[in-house]
Amino acid sequence: FGRNVHVHEVVASTQDVLRDLAEAGAPEGTLVVAEQQNRGRGRMGRSWVSPPGKGIWMSLLLRPNVPLLQTPQLTLLAAVALNRAIERVTGLDIGIKWPNDLLIDGRKISGILLESATEDERIRYVVVGMGISVNLEETDYPEEVAAKAVSLRMASGRVLDRIELIAEILKEFEELYSVFNASGFEPIRLLWEARSINLNKPTALMTAGGRIEGIPRGISETGALIVETPDGGMQTVYSAEINPWEP
Ligand code: BTN
């Protein structure tokens, strides 16, 4: 990872730049980084504010040899990689909000967006988009996100070197990805669970199929969230918006 790096001043979204490179045959580990995105996107169709110079806005190409079903596992792997790398560089204590938001004291510092190209239930490639609020200041955030977000600079009180962070993230990502390829999802699952802020806490999940209330108990071997519902049953959830719930 990191042998093929494409750096841009301004792009619409690094996801699209990398997708074009992937279609043209770029190798696994190719990275696209931008100083600024003017159409950065997040999960659930949201936009992602990516002002110039202060964050890490980047996309990493994976060509995993696994069935489409295993994409959620890669989603969690990405969160663990970012979590470990950022903790190592900053010394901050960072939790993972399911599936892959990174939080400091309940405020978001990083989001991850996986987009995959598929064919016959196989993955052709995955574009892992990572947005990290590194040196943003309070005033860089739009009003509607200011209360819910924080940057590494705001949390640590120091300006951080983005290159150092990117290098550490790529190293960690490559390491975990080779563990995943050699030993499967189980080691990643355990690392993820140890960093989760949602396990064993009452939670409401908005899924495409409706609202589920319950207590997340862990991650399944396929990478889904296992939620214990009030009737004592277990539900597995692959995609949802998760929030605290007052039973
Ligand atoms: C989320 O939390 O909703 C995911 C945010 C992902 C943002 C990153 S920034 C680099 C890459 N390019 C994009 O347009 N989005 C991702």
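Rules and cut-offs
Residues numbered from 1 in each chain as written. Predicted model: local features only at pLDDT ≥ 70, side-chain atom pairs only at ≥ 80, totals over all residues. Buried ≥ 20, exposed ≤ 12 C-beta atoms within 10 Å, placed from the backbone. Helix = DSSP H or I, 4+ residues; strand = E, 2+ residues; numbered from the N terminus. Arc of directions from axis to C-beta. Contact = placed C-beta atoms within 7 Å. Domains from an automatic or database assignment. Pairing = 2+ DSSP bridges. Axes fitted to C-alpha atoms, helices over the stretch in contact; angles between N-to-C directions.

Undergrad: Whenever I open this one, helix α1 (residues 14–23) confuses me. Can you help?
TA: Counting along an α-helix, one turn takes 3.6 residues, and residues three or four places apart therefore face a common direction. Among the residues making up α1, those that are buried are Thr-14, Gln-15, Leu-18, Leu-21 and Ala-22. Around the axis of α1, the buried residues are gathered within 125° of arc, so they sit on the same side. Along α1, exposed side chains directed more than 90 degrees from the buried face belong to Asp-20 and Glu-23. For α1, the secondary structure elements touched by its buried residues are β1 (5–11), β2 (31–37), β3 (55–62), β6 (107–119) and β7 (122–133).

Undergrad: Would you take a moment to explain the domain arrangement of the protein chain for this structure?
TA: Where interface size is given, it is often the accessible area lost as the parts come together that is meant. Each assigned domain of the protein chain is listed with its residue range as follows: domain 1 (5–195) and domain 2 (203–244). Computed over C-alpha atoms only, the centres of domain 1 and domain 2 are separated by 23 Å. Residue-level contacts link 13 residues of domain 1 with 11 residues of domain 2. Counting residues per element, the ones that place at least two in the side of domain 1 that touches domain 2 are α2 (71–90) and α6 (186–195).

Undergrad: Hey, could you run me through the sheet that holds β2 in this one?
TA: Strand order in the open sheet formed by seven strands is β1-β2-β3-β7-β6-β5-β4, with mixed pairing between adjacent strands. Unpaired on one side and paired on the other, β1 and β4 (95–97) mark the two borders of the sheet. Each strand of the sheet is rotated relative to its neighbour by a mean of 20°, with strand direction disregarded. In this fold α2 packs onto β3, β4, β5 (101–104), β6 and β7, with an angle of close to 145° to the strand it touches most, β6.

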